[in-house]
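# Overview (structure and organization)
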Amino acid sequence: MNEPGDLSFSVRTPLGTLALDVSLQVAAEAPLVVVGPNGAGKSSLLLTLLGALPVREGWIQIGADELLNTQSGVDCPIELRRIGYVPQDYALFPHLTVRQNLEFAVRGSAVPATRFERREQVEAILHDLQLSSLAERRATALSGGEKQRVALGRALASRPRVLLLDEPLAALDAQARYEVRLFLAEYLETLRLPTLIVTHDPNDAQVLGKRVAVIEAGSCSRTLTWAELCQAPTSRFVSEFVGRER
Amino acid sequence: MTRIGLAHRVQTLALGTLAALLLAFLVIPMGCLMLGTSWGEFSAGLRHPLASPALKLSLWTSALALVIVVTLGTPLAWLLALRRGRVSQLVETLVVLPVAIPPAVAGLALLLAFGKKGPFSNWFSPEGGSLALTTSAVVLAEVFVSSAFFLQAALAAFRRIDARLLIVARSLGASPFQLFFRIALPLAGPGLVGGAILCFARALGEFGATLMFAGNLQGKTQTLPLAIYTAMESDLRAAQALSILLLAVALALFFGVRFAERRSHASVEGRL
Amino acid sequence: MKTLDRRKFGALSLAPLLGGCVACDRGASNTQHLERELIVFAASSLREVFSELSHSFTAQHPEARVAFNFAGTGELKTQVEHSTNADVFAGADREHTEALVRAGACQGLVVFARNEPCIIVPLAPRSPVANFSELPNAARIVVGAPQVPIGRYTDQILERANKVLGHEFRSRVLAKVVSRELNVKQVLAKVSLGEADAGVVYRTDALLAQNRVRILNIPAEFKVLAEYTLATLTKAKNPTLAREWVALIRSRAGQSLFARFGFLPPSETNP
């Protein structure tokens, strides 16, 4: 259960008028950026991996560990999948402080720890993400960039095996976006976790991810590098997407 | 003034008139109740032998009813809010139904369920027992009629919680208890408090079901509303004084808990 | 422009429409009242006999309708004091009617029947009470509240019994009382449902529920008879009809109807 491993999945499920059909593999050293037009199913894909949306047909695996297999009836509940999730707008618990948000995650992580050890873990994360001065602030009293770091720290505090980020920079202003993007890229490098990042920003695609997956009308079956995408745009959306490169 | 300005004035006036009509209709009878008694009559009415035992009984039975409704109703509302299937919709309709049932009907239903001729009669006592005409019956009747008010408010409060917060909490490995006690309950707090006020007020004012199921005995089952009704048979002045008392108690509780609700709201929003 | 005018017109026309409705209603009910409807406020125990009587009344007066308001005598008195909607008031005692007469709301007090309180016990489950002196054996007793006539009569009966039977009879019985209802029909209901082992109601009520309760007589020495009185309202909208109603009650036909239901004649001397 604790081994690191690549994330691989193949899910097919109806989403309203759309039919989600995505089969991909995400390696630990290569964060995957997921792009696509609005309503194409990007955020929903994250939710299916998380276990928050039902999957009609398919399977999800982390390393050798099966999280979902509709054929054999395996369906691990959200609480046990150990997947870290940072939604758009971060979803920090508004009634708790930064420290309490992190503590909640540490409590929920499957690793048994004494109160002292838990405190140490929280301190470590606060330090790593430069949040120590904000520890006692209410989650609602933070700037966009600070919230993002707290949300990230919280997701990591539960010792996940996979990280899912939904539009991590969308709620930031242009200046913050630039700075946080660089920070995030570096940080993800040190983490070495299979990571999926949903974004609509071509800059994110270039900087944050090693590979790119394009979901259009719910389907996607391969990943490309940014360079490959630019060389041979596969659709109108893609050519516009890469054309906006600075 | 322009033509449009005038038209807007007329529309506001029309809305205001409709509003004022209902407001007046609600306030005037209460005004007549309060102003129709002199202070002397009021204090004499308070010293009426029916007053003190009825007030005490009403307060503690309603409080107990509230505790029962909140303790059992909060998990119920939470579980119903989590699931959206047809079964939970059916359950939701059933538990909110008592709002539409006339209190007398509720009283009769309780009598048939828990009375001498009910299905549980042999559980209460080998020769056939009954919960009717006891102080417990007062609490049960109050729970029955007031729970729907709390449940509706609690359901709405839980449903208002951003679903993503719950998803994130679960993805962090939260157990059902952690999810309920640390996330859902604090966030739904203000709504739950509001529902509790309504529940308590309804329990305090309950009359029809208690009269039928619990009876009317001073000190044991004669709640304040029943005392008022009984007093009316012989002494309208006393009934008036007791009514003002009940109104005052309800108002005091109402404002007191509204204050607490505002504080609870502020703390959730991080202003405290 | 067009929508503006229409809205104004709508708002303005609403007022006379509402006014018209109110006037209409009052007019209709006025005429209706004058021509046809006799409104009788009567004690609950008179429900069955008065309903039966109204059939004869409408047979004699085809243009008339009788509408009833049955409730506890005290409640009715309060309602009469605060409204002008009744023509006849009939209560289960003298007190309330006399109070109304003293206040000028009623006139022409007449005792028109008497009723005898009795003990009732449920047929099922079996009651531990087999006669009056065994009342303290009951586990639960339901009687009328002291504020209503049947409750007062019950208290008087217990007082008398206490003097004769001794042994703290009254307090032993009162110790078993679990509810003092505001309406004799409520007492009957609780005993019929088996929630009480014994109750005190009027004989006329008990006779109506013979398939559910058994009647036990109260010994003559303790007995108290309820006197039913009626009076017409001074502000009655149908004074003629009201007088006719009273006349019907006091007539031979009326009195024999009362006897059939179990009432006693208004005095010993009357047949």
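Residues numbered from 1 in each chain as written. Chains lettered and ligands numbered in written order. Predicted model: local features only at pLDDT ≥ 70, side-chain atom pairs only at ≥ 80, totals over all residues. Heavy atoms only, no water.

Between chain B and chain A, the contact holds 20 residues from the first and 26 residues from the second. Between chain B and chain A, roughly 2,100 Å² of surface is buried when both sides are summed, and carbon and sulfur atoms account for 63% of that area. For the chain B face of the interface with chain A, the top three residues by lost area are R164, L172 and R182 of chain B, together amounting to 30%. Applying the counting rule to chain B against chain A returns two salt bridges. Across the pair R164 of chain B and D89 of chain A runs a salt bridge, and its minimum N-O distance is 4.0 Å. Between the two partners, chain B and chain A, sit three residue pairs in polar contact (both at pLDDT 80 or more). At the level of secondary structure, the elements contributing two or more residues to the side of chain B that touches chain A comprise α8 (163–171), α9 (176–205) and α12 (236–268) of chain B. Residue contributions to the side of chain B that touches chain A peak at seven residues, all from α8 of chain B. Along the lines of polarity and charge, the residues of the side of chain B that touches chain A split into eleven nonpolar, five polar and four charged. (Contact = heavy atoms within 4.5 Å. Buried area = accessible area lost by both parts, 1.4 Å probe. Salt bridge = Lys/Arg side-chain N within 4 Å of Asp/Glu carboxyl O. Polar contact = N/O pair within 3.5 Å; in protein donor to acceptor, adjacent residues only side chain to side chain. Helix = DSSP H or I, 4+ residues; strand = E, 2+ residues; numbered from the N terminus. Nonpolar A, V, L, I, M, F, W, Y, C, P; charged D, E, K, R; others polar.)

Attention now moves to the sheet that holds strand β10 (residues 226–233) of chain C. All names here are of chain C. Sheet architecture is open: five strands sit in the order β2-β1-β3-β10-β4, paired in mixed fashion. Looking along the sheet, the strands with just one partner apiece sit at the ends: β2 (65–71) and β4 (106–115). Neighbouring strand axes in the sheet, compared pairwise and without regard to direction, differ in orientation by 20 degrees on average. Pairing of strand β1 (residues 37–43) with β2 involves seven bridges; the strand directions are parallel. Across the sheet, the residue bridging to A43 is A71, located in β2. With respect to the sheet, helix α3 (residues 73–82) is in contact with β1, β2, β3 (88–91) and β10, its orientation differing from that of β1 by roughly 140 degrees. (Pairing = 2+ DSSP bridges. Axes fitted to C-alpha atoms, helices over the stretch in contact; angles between N-to-C directions.)

Below, the discussion takes up the layout of surface pockets. Over the atoms rolls a probe the size of a water molecule, and its path tells where empty space is left. Taken as a whole, the largest pocket spans an internal volume of roughly 850 Å³. Lining the largest pocket are 35 residues, with I78 of chain A together with L82, R83, R170 and L179 of chain B positioned closest to its centre. Elements with a minimum of two residues in the lining of the largest pocket: α1 (42–50) and α2 (78–81) of chain A together with α3 (51–82), α7 (135–159), α8 and α9 of chain B. Broken down by element, the lining of the largest pocket gets its largest block of residues, five residues, from α9 of chain B. (1 Å grid on protein atoms, 1.4 Å probe; cavity = no way out; pocket = protein on both sides within 12 Å on 5 of 7 lines; lining within 4 Å. Points joined across faces, edges and corners; volume = space filled by probe spheres on them.)

Interface size is commonly expressed as the accessible surface area that is lost when the partners come together. Of the residues lining the interface, 26 residues belong to chain B; the matching set on chain C comes to 30 residues. Summed over both sides, the interface of chain B with chain C buries roughly 2,500 Å², with 58% coming from carbon and sulfur. Per-residue buried area on chain B facing chain C is highest for K116, L133 and E233 of chain B; these three make up 28% of the total on that side. At the boundary of chain B and chain C, one finds zero salt bridges.

Residues and elements named next belong to chain A. Secondary-structure assignment places Q121 in helix α4 (residues 115–128). Judged by its relative accessible area of 16%, Q121 falls in the buried class. Those residues in contact with Q121 that sit more than four places away from it in its chain are V106, A113 and R159. (Buried < 20%, exposed > 50% of the residue type's maximum accessible area, 1.4 Å probe, protein only.)

By size, the foremost hydrophobic cluster in this structure holds 131 residues, and its most contacted members are L196 of chain A together with F158 of chain B. In terms of residue count, α9 of chain B provides more of this core than any other element does, twelve residues in total. Setting aside residues up to four positions removed in sequence, L196 of chain A forms contacts with L7, V26, L32, V34, L45, L46, L49, L163, L164 and L165 of chain A. Counting 81 residues, the second largest nonpolar core, distinct from the first, contains V110, L188, I218 and F263 of chain C. (Core = buried A, V, L, I, M, F, W, Y, C linked by side-chain atoms within 4.5 Å.)

Moving on: unusual backbone geometry. Within the chain, R82 of chain A stands out as a residue other than glycine whose phi angle is a positive 55 degrees. In this fold, R82 of chain A is placed in the loop between α2 and β7 (83–86).

Residues and elements named next belong to chain A. The residue K42 is located in helix α1 in this model. Note on K42: relative accessible area 6%, which makes it buried. Along the sequence, K42 and V214 sit 172 residues apart, while their C-alpha atoms lie 9.1 Å from each other. What K42 contacts, discounting residues up to four positions off in sequence, is V34, V35, G36, P37, V198, T199 and I215. Within polar-contact distance, the side chain of K42 engages the backbone oxygen of G36 at 3.1 Å.

Before going further, it helps to examine the packing of α7 of chain B against α9 of chain B. Residues and elements named next belong to chain B. Where α7 meets α9, the axes come as close as 8 Å, and the angle between the chain directions of the two elements is 145 degrees. For the element pair α7 and α9, the recorded crossing hand is right-handed. Of the residues in α9, those in contact with E142, V145, S146, F149, F150, A153, A154, A157 and F158 of α7 are F180, A184, L185, A188, G191, L192, G195, A196, L198, C199, R202 and A203. In terms of residue class, the contact of α7 with α9 is built from 16 nonpolar, three polar and two charged. (Left-handed = near helix turned anticlockwise from the far one by under 90°.)

Our focus in this paragraph is the domain arrangement of chain C. All names here are of chain C. As far as domains go, chain C holds domain 1 (2–114 + 227–260) and domain 2 (117–216). With eleven residues of domain 1 at the contact, the number on the domain 2 side is twelve residues. When domain 1 packs against domain 2, close to 850 Å² is buried across both sides, 51% of that on carbon and sulfur atoms. Interface area lost by domain 1 to domain 2 is led by S44, S45 and E48, which between them contribute 41%. (Domains from an automatic or database assignment.)

Taken as a whole and assessed by the stated rule, the structure comprises 28 aromatic pairs over all chains. With centroids separated by 6.2 Å and ring planes inclined at 65 degrees, the aromatic side chains of W226 of chain A and F241 of chain A adopt a geometry described as edge-to-face. Pair noted here: W226 of chain A is in helix α8 (residues 226–231) and F241 of chain A is in helix α9 (residues 236–243), with a separation of 15 residues, a long-range link. With a relative accessible area of 12%, W226 of chain A lands in the buried category. Clustering of aromatic rings is evident, with ring pairs tying together F50, F57, F68, F70, F112, Y153, Y202, Y228, W245, F258 and F263 of chain C. A cation sits over an aromatic face here: R154 of chain A above F93 of chain A, 4.6 Å from the ring centre. (Phe/Tyr/Trp six-rings, centres within 6.5 Å; stacked < 30°, edge-to-face > 60°. Lys NZ or Arg CZ within 6 Å of the ring centre and 35° of its normal.)

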